[in-house]
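Examining the three-dimensional arrangement
Okay, here's what each chain looks like letter by letter:
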Amino acid sequence: PDTMPELSGPRPRHRTVGVAVGNVMVGGGAPIVVQSMTNTDTADIDGTVAQVAALARAGSELVRITVDRDEAARAVPHIRDKLHARGVKVPIVGDFHFIGHKLLADHPACAEALDKYRINPGNVGFKDKKDRQFGMIVEEAARRGKSVRIGANWGSLDQELLTRLMDANAVAARPLPARTVTQEAMIQSALISAERAEEIGLPRNRIILSAKVSAIQDLIAVYRELARRSDYALHLGLTEAGMGSKGIVASSAALGILLQEGIGDTIRFSLTPEPGGDRTLEVKAAQELLQTMGFRTFVPLVAACPGCGRTTSTVFQELARDIQTWISTSMPEWKARYPGVEALNVAVMGCIVNGPGESKHADIGISLPGTGEMPAAPVFIDGAKAMTLRGPTLAADFKALVSEYIER
Ligand code: SF4
């Protein structure tokens, strides 16, 4: 032990000023918040209520909705009321572009119903009107005690700022690569807008920043700098992560690195769903990233080996899937009855090679027999072999043991 290096975990969280969004705290040392966004037409009240409720049920702690026109702004207070009538109290964030100042001024009930306004400094208005329109939204938030996310975006970067920095770079003694200048424009767009919001009267504990890009290395570089230069609460996310496994891998890689460095107070996985696909996938993926990295616990983890040539029957895969599905569907009831159940670890392993060892590390684990092994499945509870299961009722017997364990 004297010669063993100390193993390092994540860096301490970057200190940020905490921001209350409705009843959810973002930053200031609060647990990292999972959030998501609807893709319904906000003017479709019932459709939007259903999707917000589904996202909240899946575990989204903030939900953002588009407010792009009068019909959408008119719908917002009805959406909030219908959600409250269903017992869904998740804070609602309004996403504003181009005419947010006008929508908030013309629809006070919408301005009041929302818990946070998202402003994109690149899309807040044009030329001489830009500062005034930005100021109108910030004043509205300050007057109503609402929080604001100032969200710069690679795809809608403030062109005047970018042009100014590019011009300065062109005559610099040692010009920087264009990519670096664009990253700097993203950082400055967010920070200058935040400073301006504070000058207008929005306190720092009402301001969250984001600077989203779709390339992982750019995202990491931009957020490292944002964290180094400020203590604003930070919202992390790739702006266009993509579809399916690509989107999940890209988001996990980018956000995982930043979270490990202590950067990030709230995260969103901006996954492109399949047409008609499940929007809640982005919530589950964000939760799984936080849980697998050890930052939060949401749902019991099932550790399962990948299987190999030693598992030629499908019994092992079926049991792993069965247990995972059973746990997911049982969670609402378990959470109400057994506080802390989400920290449970279950292992379902395919053979004797790693099965007993991995099962011993879990709270409760089972090691199924691989091809050619004796048809017996030892069960380990709290690190010790507790019994051996056999026969066609093995899956049901193991579930009964997990249930007993949770109750105990
Ligand atoms: Fe294969 Fe056994 Fe390892 Fe699973 S535990 S991957 S079945 S060797």
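The structure contained in this document is the topic of the report that follows. What you see is a predicted model, and the numbers here were worked out from it, not measured in a lab.

Parameters at a glance
Residues numbered from 1 in each chain as written. Predicted model: local features only at pLDDT ≥ 70, side-chain atom pairs only at ≥ 80, totals over all residues. Heavy atoms only, no water. Pairing = 2+ DSSP bridges. Helix = DSSP H or I, 4+ residues; strand = E, 2+ residues; numbered from the N terminus. Axes fitted to C-alpha atoms, helices over the stretch in contact; angles between N-to-C directions. Contact = heavy atoms within 4.5 Å. Phe/Tyr/Trp six-rings, centres within 6.5 Å; stacked < 30°, edge-to-face > 60°. Buried < 20%, exposed > 50% of the residue type's maximum accessible area, 1.4 Å probe, protein only. Lys NZ or Arg CZ within 6 Å of the ring centre and 35° of its normal. Near = heavy atom within 4 Å. Nonpolar A, V, L, I, M, F, W, Y, C, P; charged D, E, K, R; others polar.

1. Topic: the sheet that holds strand 15 (residues 364–367)
The strand order across the open sheet formed by five strands is 13-14-15-16-17, and the pairing between neighbours is mixed. The open sheet terminates on both sides in strands that have one partner only, identified here as strand 13 (301–304) and strand 17 (384–389). Along the sheet, successive strands turn relative to each other by an average axial angle of 20°, direction set aside. Running over the sheet, helix 11 (residues 315–337) touches strand 13, strand 14 (345–349) and strand 15 and is turned about 160° from strand 14. Helix 13 (residues 394–407) rests against strand 14, strand 15, strand 16 (377–381) and strand 17 of the sheet, and its axis sits at about 165° to strand 15.

2. Observations concerning the packing of aromatic side chains
Using the criterion set out here, one finds two aromatic pairs in the structure. Relative to Tyr117, the ring of Phe96 lies with its centre 5.9 Å away and its plane at 90°, an arrangement referred to as edge-to-face. Placement of the pair is Phe96 in strand 5 (residues 92–96) and Tyr117 in strand 6 (residues 116–119), with a sequence separation of 21 residues. Where Trp326 meets Trp334, the ring centres are 5.1 Å apart and the plane angle is 85°; that geometry is what we call edge-to-face. Here the two residues Trp326 and Trp334 agree in accessibility, since each one is buried. Lying across the ring of Tyr232, Arg204 places its NZ or CZ 4.3 Å from the centre.

3. As for the site of the ligand
What surrounds the ligand is the set Cys305, Gly307, Cys308, Arg310, Thr311, Gly350, Cys351, Val353 and Asn354. Each residue belonging to the shell around the ligand can be placed in one class, and the counts come to four nonpolar, four polar and one charged.

4. With respect to unusual backbone geometry
The phi angle at Phe98 is positive, at roughly 65°, despite the residue not being glycine. Inspection of the secondary structure puts Phe98 in the loop between strand 5 and helix 3 (100–106). Overall, Phe98 belongs to the partly exposed group, its relative accessible area being 45%. Non-glycine residue Asp382 carries a positive phi angle of around 50°. Tracing the backbone shows Asp382 in the loop between strand 16 and strand 17. Using a relative accessible area of 52% as the deciding quantity, one classes Asp382 as exposed.

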